[in-house]
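Overview (structure and organization)
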Amino acid sequence: DDTLVKVNGIRQSDVWYLLEDFQLALATLQTGLEHYLKAVMGDSGLESESSDEEEGEEGESKSERESESEAEDEPGAPGKPKGVSDGDWKVYRAVVLTKQEFDEKFRAMWS
(Lines give C-alpha, C1' and ligand atoms only; values in the text may rest on other atoms or scores of the structure.)
Protein backbone atom coordinates (compact mmCIF):
# COMPACT_ATOMS: atom_id res chain seq x y z
CA ASP A 1 0.00 0.00 0.00
CA ASP A 2 2.72 2.50 0.99
CA THR A 3 4.87 1.32 -1.92
CA LEU A 4 2.11 2.14 -4.39
CA VAL A 5 1.81 5.62 -2.95
CA LYS A 6 5.55 6.39 -2.76
CA VAL A 7 6.91 4.71 -5.90
CA ASN A 8 4.04 5.46 -8.26
CA GLY A 9 2.92 8.80 -6.90
CA ILE A 10 -0.63 7.59 -6.32
CA ARG A 11 -2.71 9.42 -3.76
CA GLN A 12 -3.57 7.28 -0.75
CA SER A 13 -7.28 7.91 -1.33
CA ASP A 14 -7.03 6.49 -4.89
CA VAL A 15 -5.22 3.22 -4.11
CA TRP A 16 -8.33 1.14 -3.45
CA TYR A 17 -10.10 2.37 -6.59
CA LEU A 18 -7.10 1.73 -8.83
CA LEU A 19 -6.58 -1.76 -7.41
CA GLU A 20 -10.27 -2.48 -7.88
CA ASP A 21 -9.98 -1.34 -11.52
CA PHE A 22 -7.03 -3.70 -11.99
CA GLN A 23 -9.04 -6.55 -10.43
CA LEU A 24 -11.88 -5.88 -12.87
CA ALA A 25 -9.41 -5.76 -15.79
CA LEU A 26 -8.04 -9.19 -14.81
CA ALA A 27 -11.57 -10.59 -14.52
CA THR A 28 -12.46 -9.18 -17.95
CA LEU A 29 -9.30 -10.63 -19.46
CA GLN A 30 -10.03 -14.05 -17.94
CA THR A 31 -13.61 -14.01 -19.22
CA GLY A 32 -12.49 -12.98 -22.71
CA LEU A 33 -9.93 -15.77 -22.82
CA GLU A 34 -12.55 -18.27 -21.64
CA HIS A 35 -14.88 -17.25 -24.48
CA TYR A 36 -12.01 -17.55 -26.95
CA LEU A 37 -11.05 -21.01 -25.65
CA LYS A 38 -14.67 -22.15 -25.75
CA ALA A 39 -14.85 -21.08 -29.39
CA VAL A 40 -11.62 -22.93 -30.14
CA MET A 41 -12.88 -26.06 -28.37
CA GLY A 42 -16.29 -25.84 -30.00
CA ASP A 43 -18.18 -26.48 -26.75
CA SER A 44 -18.70 -25.04 -23.29
CA GLY A 45 -16.49 -27.44 -21.34
CA LEU A 46 -14.42 -24.64 -19.82
CA GLU A 47 -15.88 -22.58 -17.00
CA SER A 48 -14.14 -20.22 -14.61
CA GLU A 49 -14.46 -20.34 -10.87
CA SER A 50 -16.04 -16.89 -10.97
CA SER A 51 -18.73 -17.98 -13.42
CA ASP A 52 -19.36 -21.10 -11.30
CA GLU A 53 -19.90 -18.88 -8.27
CA GLU A 54 -22.15 -16.40 -10.04
CA GLU A 55 -24.10 -18.62 -12.42
CA GLY A 56 -24.01 -21.97 -10.64
CA GLU A 57 -23.05 -25.32 -12.14
CA GLU A 58 -24.37 -25.77 -15.67
CA GLY A 59 -23.58 -28.50 -18.15
CA GLU A 60 -20.75 -30.81 -17.30
CA SER A 61 -19.58 -31.18 -13.74
CA LYS A 62 -16.04 -30.21 -12.82
CA SER A 63 -15.02 -33.85 -12.42
CA GLU A 64 -16.34 -34.66 -15.92
CA ARG A 65 -14.31 -31.81 -17.42
CA GLU A 66 -11.19 -32.90 -15.54
CA SER A 67 -11.54 -36.54 -16.61
CA GLU A 68 -11.81 -35.49 -20.25
CA SER A 69 -8.72 -33.29 -20.17
CA GLU A 70 -5.03 -34.03 -19.89
CA ALA A 71 -3.23 -33.76 -16.54
CA GLU A 72 -1.79 -30.33 -15.71
CA ASP A 73 1.64 -29.85 -14.13
CA GLU A 74 0.15 -27.95 -11.20
CA PRO A 75 -1.57 -30.10 -8.55
CA GLY A 76 -5.32 -29.58 -8.32
CA ALA A 77 -5.53 -27.58 -11.55
CA PRO A 78 -7.66 -28.86 -14.41
CA GLY A 79 -5.72 -29.99 -17.44
CA LYS A 80 -5.62 -28.45 -20.88
CA PRO A 81 -8.82 -29.18 -22.81
CA LYS A 82 -8.54 -30.94 -26.14
CA GLY A 83 -8.30 -28.63 -29.14
CA VAL A 84 -6.57 -25.80 -27.25
CA SER A 85 -2.98 -25.01 -28.21
CA ASP A 86 -0.23 -25.12 -25.59
CA GLY A 87 0.43 -21.40 -26.06
CA ASP A 88 -3.21 -20.42 -25.59
CA TRP A 89 -3.46 -22.63 -22.51
CA LYS A 90 -0.30 -21.13 -20.97
CA VAL A 91 -1.67 -17.60 -21.44
CA TYR A 92 -5.02 -18.61 -19.93
CA ARG A 93 -3.38 -20.34 -16.94
CA ALA A 94 -1.10 -17.32 -16.36
CA VAL A 95 -4.09 -14.98 -16.28
CA VAL A 96 -6.11 -17.28 -13.99
CA LEU A 97 -3.23 -17.76 -11.54
CA THR A 98 -2.40 -14.04 -11.56
CA LYS A 99 -6.04 -13.19 -10.88
CA GLN A 100 -6.24 -15.73 -8.03
CA GLU A 101 -3.07 -14.42 -6.41
CA PHE A 102 -4.14 -10.79 -6.83
CA ASP A 103 -7.60 -11.52 -5.39
CA GLU A 104 -6.08 -13.19 -2.30
CA LYS A 105 -3.73 -10.29 -1.67
CA PHE A 106 -6.36 -7.66 -2.44
CA ARG A 107 -8.81 -9.20 0.05
CA ALA A 108 -6.11 -9.55 2.71
CA MET A 109 -5.02 -5.95 2.20
CA TRP A 110 -8.50 -4.51 2.70
CA SER A 111 -10.01 -6.88 5.26
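Residues numbered from 1 in each chain as written. Predicted model: local features only at pLDDT ≥ 70, side-chain atom pairs only at ≥ 80, totals over all residues. Heavy atoms only, no water.

A rise of 1.5 Å per residue sets the reference length of helix H2 (residues 15-41), with its 27 residues, at 39 Å; its end C-alpha atoms lie 39 Å apart and thus fit the reference within 8%. Taken together, the buried positions of H2 are Val15, Leu19, Gln23, Leu26, Gln30, Leu33, Glu34, Leu37 and Met41. Positive phi shows up at glycine 42, right after H2, with a value of about 85 degrees. (Helix = DSSP H or I, 4+ residues; strand = E, 2+ residues; numbered from the N terminus. Expected span 1.5 Å × (residues − 1). Buried < 20%, exposed > 50% of the residue type's maximum accessible area, 1.4 Å probe, protein only.)

Bringing the pattern of salt bridges into the picture now. This structure, assessed with the given rule, holds four salt bridges. Between aspartate 103 and lysine 99 there is a salt bridge whose closest N-O contact spans 2.9 Å. In this pair, aspartate 103 and lysine 99 both sit in helix H5 (residues 86-110), four residues apart, roughly one turn of the helix. A single burial state applies to aspartate 103 and to lysine 99, both of which are buried. One salt bridge in this structure joins lysine 105 and glutamate 101, with 2.9 Å as the shortest N-O distance. Of the two residues, lysine 105 and glutamate 101 are both situated in helix H5; the distance of four residues between them amounts to about one turn of the helix. (Salt bridge = Lys/Arg side-chain N within 4 Å of Asp/Glu carboxyl O.)

Here we come to the packing of aromatic side chains. A full pass over the atoms with the stated rule returns five aromatic pairs. Ring geometry for tryptophan 16 against tyrosine 17: centres 5.3 Å apart, planes inclined by 85 degrees, an arrangement best described as edge-to-face. A relative accessible area of 31% means that tryptophan 16 is categorised as partly exposed. (Phe/Tyr/Trp six-rings, centres within 6.5 Å; stacked < 30°, edge-to-face > 60°.)

What follows concerns the nonpolar core. By size, the foremost hydrophobic cluster in this structure holds eight residues: Leu33, Leu37, Met41, Val84, Trp89, Tyr92, Val95 and Val96. For this core, the secondary structure elements donating two or more residues are H2 and H5. Examining the composition of this core, we find that four residues originate from one element, H5, more than from any other. Once you skip the residues sitting within four places of it in the chain, valine 95 turns out to touch Leu26, Leu29, Gln30 and Leu33. Of all hydrophobic cores here, the second largest spans five residues; its members include Leu19, Leu26, Phe102 and Phe106. (Core = buried A, V, L, I, M, F, W, Y, C linked by side-chain atoms within 4.5 Å. Contact = heavy atoms within 4.5 Å.)

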